[in-house]
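# Remarks on the overall topology
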Amino acid sequence: MHTISDNLRLDKRRALPDEIAFLRAKYPAPQWATHGNYGELAAFWLQVHDALREEGRALGQATEDFREGRTDMAAFQRVFAVRLRGYLQHLEGHHRIEDAHYFPRFRRLDERLVYGFDLLENDHEIIHGQLLAVVESAQAFMQDLARGGDAMRYGADAYAERAGRLLALLEQHLADEEEIVIPTILEHSERPFR
Ligand SMILES: [Fe+2]
Ligand SMILES: [Fe+2]
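Cut-offs used in this document
Residues numbered from 1 in each chain as written. Chains lettered and ligands numbered in written order. Predicted model: local features only at pLDDT ≥ 70, side-chain atom pairs only at ≥ 80, totals over all residues. Heavy atoms only, no water. 1 Å grid on protein atoms, 1.4 Å probe; cavity = no way out; pocket = protein on both sides within 12 Å on 5 of 7 lines; lining within 4 Å. Points joined across faces, edges and corners; volume = space filled by probe spheres on them. Helix = DSSP H or I, 4+ residues; strand = E, 2+ residues; numbered from the N terminus. Nonpolar A, V, L, I, M, F, W, Y, C, P; charged D, E, K, R; others polar.

## Points about the layout of surface pockets
Volume-wise, the largest pocket comes out at about 220 Å³. Along its surface, the largest pocket is lined by Phe 80, Ala 81, Leu 84, Arg 85, Leu 88, Gln 89, Val 135, Ala 138, Gln 139 and Met 142. At the level of secondary structure, the elements contributing two or more residues to the lining of the largest pocket comprise helix H2 (73-109) and helix H3 (114-147). Among the elements that take part in the lining of the largest pocket, H2 stands out by supplying six residues, more than any other. Looking at side-chain class alone, the lining of the largest pocket contains seven nonpolar, two polar and one charged residues. Each pocket or cavity is described by its volume, and for the second largest pocket that value is around 170 Å³. What lines the second largest pocket is a set of 16 residues, among which Gly 56, Gly 60, Tyr 159, Ala 163 and Gly 164 lie closest to the centre. For the lining of the second largest pocket, the secondary-structure elements that each account for two or more residues are helix H1 (40-67), H2 and helix H4 (149-188).

Structure follows, in structure tokens:
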């Protein structure tokens, strides 16, 4: 595993440099779906990412609705913990499959891909750390809910801030990963992944 240079860490970077996303210019995103090598795996990958974006935003919206007084506490409490747990499990499960199954296959395709996939695996570690912090702050928030009043509001603020940070990191990771994964599949076809 390469050590990832500080400016390329998920919490520092704004985009991937061309040396890492070296097939990005050859396969622009608007043309992905019409390419001859675009198959089930690429489509599934993007679907999972869209689902993760969607679930993350919906959870953020649910928290926002509660903070703005658009949902009552009982209704929020009934679904919040279950939805959050489901979402985090989905996210962790996806990263586990990538780390264990897909990333090693990508690395074997082309030596120039190794650094990029080490970087994406490092993103997973950073996201995992943030995810633990979100779980901790969600647990504190649930206790604050029972107390009500200011404690509840502060708990909600602290949780929303943590969850927002996780979501921003995840959005960056998903977009960057797509810029490496999909062009590589188009270049090599889906055969090496079967
Ligand atoms: Fe990933
Ligand atoms: Fe992914």
